[in-house]
Amino acid sequence: MASPILHPLPAPPGIYRVARVLRRLSAILFVVILVFVGVVAYSAVQIVHAQPRLGNTTPTVEPNDTVGIATSFSVANPTYFTIQHLALHFLVLNASNVELVDSTSGPVSIPAGGVADLPIELYVPLTAAGTSLLTENQYLAWNVWGNASYADLFSVSVGEATQRAWGAPFDDLRITTGTPVSVDGVEEVPVTVSFANDADFAVAGAVDFQVVPPSGPNCAQGTFALNVPPGTSFNDTQNVGIAPGCVASGSQVDAQYVGNGVTVPLPPEAIS
């Protein structure tokens, strides 16, 4: 029986071969993309777990009638990609949960393998809520969070919520008046100012005060010079000449701290 004649198969056309190569390259590229996305996603999780930290806080009384708080926020990037456009948001509440600061900072970028220690300057207006920082030791609630893009693929968030002790420069401030006395025919009243400087800075300058009756102009005034180091107390009394009937029920003592270009009203003290 005669054997059949075998004819070689014709070579596939060139376009078929190109399509087969492209399919293989597409499969390889798909795997590479999956691996890349997986690595980036894992890295983004590592950023969140890197535990950003709020630094120490340094307070000052500023000339623009604010309390300045200098601090820092440390963010580590233990990955192979850059953290881009990191914008931070700060919300600080006092012990009564009243908002003191609502501020933003940035944006900044953090290179791969780097640590950014971002300096932060916050300012608390000395309004009714802010004035409590002058006269009350308390714990402040700090809420810090930030959003950034990562490797142009993901959005990552970092943050910290903590409480920080606050030492007031005029803690437990008391301005009291004693019983008026007549000295050489002039009526005087003893005025006493006392407080504890629990802040991290010295209180230097003066406390100016006025005795204010329920109606009418100030009827007595005076000044206490201050140079009170941190962690020490102040207690001083001086006699002030007054108009007849000045110190009566319903009167109050208004005072303000003056120093280093700052004039800050202090809470008034009622005279009972």
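How each quantity is defined
- Residues numbered from 1 in each chain as written.
- Predicted model: local features only at pLDDT ≥ 70, side-chain atom pairs only at ≥ 80, totals over all residues.
- Heavy atoms only, no water.
- Salt bridge = Lys/Arg side-chain N within 4 Å of Asp/Glu carboxyl O.
- Buried < 20%, exposed > 50% of the residue type's maximum accessible area, 1.4 Å probe, protein only.
- Helix = DSSP H or I, 4+ residues; strand = E, 2+ residues; numbered from the N terminus.
- Pairing = 2+ DSSP bridges.
- Phe/Tyr/Trp six-rings, centres within 6.5 Å; stacked < 30°, edge-to-face > 60°.
- Lys, Arg positive; Asp, Glu negative; His and termini not counted.
- Contact = heavy atoms within 4.5 Å.

One pass over the structure, following the stated rule, counts one salt bridge. Here Asp172 ties to Arg174 by a salt bridge, and the two come within 3.3 Å at their closest N and O atoms. Among the residues examined, Asp172 registers a relative accessible area of 44% and is labelled partly exposed.

What follows concerns the pairing of strand β11 (residues 186-197). In terms of burial, β11 is largely enclosed, as nine of its 12 residues are buried. Two strands pair when backbone bridges link them, and strand β9 (residues 171-177) and β11 are joined in this way by five bridges, in the antiparallel orientation. Within β11, the residue paired with Arg174 across the bridge is Ser194. For strand β10 (residues 181-183) and β11, the ladder comprises three bridges, and the chain directions are antiparallel.

Following the criterion strictly, the structure yields five aromatic pairs and no others. Between Phe195 and Phe234 the ring centres are 5.4 Å apart and the planes differ by 25°, which places this aromatic pair in the stacked class. In this pair, Phe195 is assigned in strand β11 and Phe234 in strand β14 (residues 232-241), connecting sequence segments 39 residues apart. The exposure class of Phe234 is buried, given its relative accessible area of 12%. An aromatic cluster of three or more residues is present, and its members are Phe170, Phe195, Phe209, Phe224, Phe234 and Tyr257.

Below, the discussion takes up the side chain of Glu188. The residue Glu188 is located in strand β11 in this model. Despite its burial, Glu188 pairs with no opposite charge, the nearest such side chain being Arg174 at 24 Å. Ignoring anything within four residues of it in the chain, the contact list for Glu188 reads Thr179, Pro180, Val181, Val183, Asn239, Val240, Gly241 and Ile242.

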